[in-house]
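Okay, here's what each chain looks like letter by letter:
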2 protein chains.
Amino acid sequence: MKLYDLELSGNCYRVRLLLSLLGQPVQLVNVNLGAGENRQPWFLALNPRGQVPVLDDDGFVVWDTLAIMTYLARKAGGEKWLPSDPKNMARVMQWLAVMENETQYGLARARVIASMGFPGNLEEAQKIGLRVLGILEARLTAHDWLALPHCTLADIGCFPYVALARQGGLPLDDYPAILRWIARIKSLQGYVAMPGV
Amino acid sequence: MKLYDLELSGNCYRVRLLLSLLGQPVQLVNVNLGAGENRQPWFLALNPRGQVPVLDDDGFVVWDTLAIMTYLARKAGGEKWLPSDPKNMARVMQWLAVMENETQYGLARARVIASMGFPGNLEEAQKIGLRVLGILEARLTAHDWLALPHCTLADIGCFPYVALARQGGLPLDDYPAILRWIARIKSLQGYVAMPGV
């Protein structure tokens, strides 16, 4: 398997972490976004959105973290990471929707504005970020993992930008349940880090 | 089944449309967002995000369109709407990620700013909206349906805010493939409309 990747992207990190937890070897291909490689025709042919990550599994190309994580979990994760029964699949999907929305448009956006000089409304992003941290803290006060009694795609999906929240000006000191959950994820067999996590 | 609903929400419409296509009867419960019903404790107990739609299927409560659509497709849709094999499931998920991102933060946001007086950056929302319309037009020029050779959750998911794009100041006259796709969806057995579509 080949992963078109960017080391500092939390979206790419999610996939690298899942691959490692699944014990799947992968060849990383760094895409130079600064030089606009993701806007070149060869890359847009892989992913019309021009974003990393993109996975190429022996010629089967899939873009977007939600789709890549779904593919890997169903292909190599048995019933653990994304169960096939409708109720448990929906329980995981609820939090993958939080990943796609609040962690992306709140926490991840606050990070690139506050720490990487991207343009944007920091206050608005932080407001969304604070709201999702409150929701996650409440959930993780009552449960060890977000969706099911064990770690699933829900946790791996939400983890990166929560763990990087401080880079968006949102430290986690007041979120003890989130901090315990981060520690639980870091103790999983096969866990790998990224810069800043 | 009971759906906590708002008639003018494209997110709720997606679920109503899928239920109708699946031939599943549903009891609609209107949630008065204007009066803040979605911020009341009884509603937050159903959905900590305080958003519609929420589905209650005989006591199994699931929030978020992505999760609700996944649940309904896997429970009542056989292999058609969200296939269980990893590759086809990922193909559908790619476009559900577009639904969660560009149609939501581009097209849907442009609509509430331009037509409903919500605060926000209309130009930025329209820019994201135009980008996704271009991606969809290219895809639908070469394919009848977004993910697979037949209609799936991918199409039902992206449809509402594309069909409502004009309300965000983005008319579809220059997107003939999208207009043909909209007509195909409207001709499906069980199709239901919403105001503005």
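It should be emphasised that the depicted structure is a prediction, and the values quoted were computed from it without experimental measurement.

Now for the packing of aromatic side chains. Across all of its chains, the model carries 17 aromatic pairs over all chains by this definition. A centroid spacing of 5.2 Å and a plane angle of 85° characterise the contact between Trp95(A) and Trp63(B), whose relative ring orientation is edge-to-face. Remark: Trp63(B) occurs in strand S4 (residues 60-63) and Trp95(A) occurs in helix H4 (residues 86-116); the pair is interchain, linking two chains. Accessibility assignment for this pair places Trp95(A) and Trp63(B) in one class, buried. These aromatic residues form a ring-pair network of at least three members: Tyr13(A), Phe159(A), Trp181(A) and Tyr191(A). Sitting above the plane of the Trp145(A) ring, Arg184(A) keeps its charged end 5.7 Å from the centroid.

Residue and element names in this part refer to chain A. Strands sit in the order S2-S1-S3-S4 across an open sheet of 4 strands; the sheet is mixed. Here the strands that pair on one side only, and so sit at the sheet edges, are strand S2 (27-30) and strand S4 (60-63). If you compare each strand with its neighbour and ignore which way they point, the axes differ by 20° on average. Pairing analysis gives 3 bridges linking strand S1 (residues 2-5) to strand S3 (residues 54-57), with the strands arranged antiparallel. Counted as the bridge partner of lysine 2 is aspartate 56 from S3.

A word on the nonpolar core. Membership of the largest hydrophobic core comes to 140 residues, with the highest contact counts inside it found for Trp95(A), Phe159(A), Ile178(A), Trp181(A), Trp95(B), Ile178(B) and Trp181(B). Not counting chain neighbours up to four residues away, the residues in contact with Trp95(B) comprise Trp63(A), Ile135(B), Leu136(B), Arg139(B), Leu146(B), Ala147(B), Ala154(B) and Cys158(B).

All names here are of chain B. Taken in spatial order, the 4 strands make up an open sheet running S2-S1-S3-S4, and their pairing is mixed. Edge positions in the open sheet fall to strand S2 (27-30) and S4, since each of these has one partner strand only. The mean angle between the axes of side-by-side strands here comes to 20°, regardless of whether they run parallel or antiparallel. Here helix H1 (residues 10-21) sits on the sheet and contacts strand S1 (2-5) and S2; the angle it forms with S1, its principal contact strand, is near 155°.

Below, the discussion takes up the domain arrangement of chain A. Residue and element names in this part refer to chain A. When cut into domains, chain A gives domain 1 (2-76) and domain 2 (86-186). Taking only C-alpha atoms into account, the centre of domain 1 sits 21 Å from that of domain 2. If you look at the interface, domain 1 gives 15 residues, while domain 2 gives 13 residues. Overall, the association of domain 1 and domain 2 removes approximately 1200 Å² of surface from exposure, summing both partners, and the carbon and sulfur fraction of that is 69%. For the domain 1 face of the interface with domain 2, the top three residues by lost area are Arg14, Leu66 and Met69, together amounting to 41%. For the pair domain 1 and domain 2, the number of links is 0 salt bridges. At the boundary of domain 1 with domain 2, the tally comes to 4 residue pairs in polar contact (both at pLDDT 80 or more). Of all the elements in the fold, those that place two or more residues in the side of domain 1 that touches domain 2 are helix H1 (10-21) and helix H3 (65-76). When its residues are assigned to classes, the side of domain 1 that touches domain 2 shows 8 nonpolar, 5 polar and 2 charged.

All names here are of chain B. Put simply, helix H3 (residues 65-76) and helix H6 (residues 153-163) touch, their axes get as near as 11 Å, and they point 145° apart. By crossing handedness, the relation of H3 to H6 is classed as right-handed. Every residue of H6 that contacts H3 at Met69, Thr70 and Ala73 is listed here: Leu153, Ile156 and Gly157. A class-by-class count of the residues in the contact of H3 with H6 yields 4 nonpolar, 2 polar and no charged.

What follows is about the interface of chain A and chain B. Tallying the contact residues gives 32 residues for chain A and 32 residues for chain B. The largest per-residue losses of area from chain A upon contact with chain B belong to Arg49(A), Gln94(A) and Tyr105(A), which jointly make up 19% of the total buried on that side. For the interface between chain A and chain B, the tally reads 2 salt bridges. In this structure, Arg49(B) engages Glu102(A) in a salt bridge whose closest nitrogen and oxygen atoms are separated by 2.8 Å. The interface formed by chain A and chain B contains 8 residue pairs in polar contact (both at pLDDT 80 or more). Counting residues per element, the ones that place at least two in the side of chain A that touches chain B are S4, H3 and H4 of chain A. Residue classes in the side of chain A that touches chain B are distributed as 18 nonpolar, 6 polar and 8 charged.

Residue and element names in this part refer to chain B. Per the counting criterion, the structure on display carries 16 salt bridges over all chains. The shortest N-O distance in the salt bridge between aspartate 64 and arginine 49 comes to 2.8 Å. Note that aspartate 64 is positioned in the loop between S4 and H3 and arginine 49 in the loop between helix H2 (41-46) and strand S3 (54-57), a separation of 15 residues in sequence. Neither residue differs from the other here; aspartate 64 and arginine 49 are each classed as buried. A salt bridge links arginine 74 to glutamate 79, with the nearest nitrogen and oxygen atoms 3.4 Å apart.

Analysis parameters
- Residues numbered from 1 in each chain as written.
- Chains lettered and ligands numbered in written order.
- Predicted model: local features only at pLDDT ≥ 70, side-chain atom pairs only at ≥ 80, totals over all residues.
- Heavy atoms only, no water.
- Phe/Tyr/Trp six-rings, centres within 6.5 Å; stacked < 30°, edge-to-face > 60°.
- Helix = DSSP H or I, 4+ residues; strand = E, 2+ residues; numbered from the N terminus.
- Buried < 20%, exposed > 50% of the residue type's maximum accessible area, 1.4 Å probe, protein only.
- Lys NZ or Arg CZ within 6 Å of the ring centre and 35° of its normal.
- Pairing = 2+ DSSP bridges.
- Axes fitted to C-alpha atoms, helices over the stretch in contact; angles between N-to-C directions.
- Core = buried A, V, L, I, M, F, W, Y, C linked by side-chain atoms within 4.5 Å.
- Contact = heavy atoms within 4.5 Å.
- Domains from an automatic or database assignment.
- Buried area = accessible area lost by both parts, 1.4 Å probe.
- Salt bridge = Lys/Arg side-chain N within 4 Å of Asp/Glu carboxyl O.
- Polar contact = N/O pair within 3.5 Å; in protein donor to acceptor, adjacent residues only side chain to side chain.
- Nonpolar A, V, L, I, M, F, W, Y, C, P; charged D, E, K, R; others polar.
- Left-handed = near helix turned anticlockwise from the far one by under 90°.

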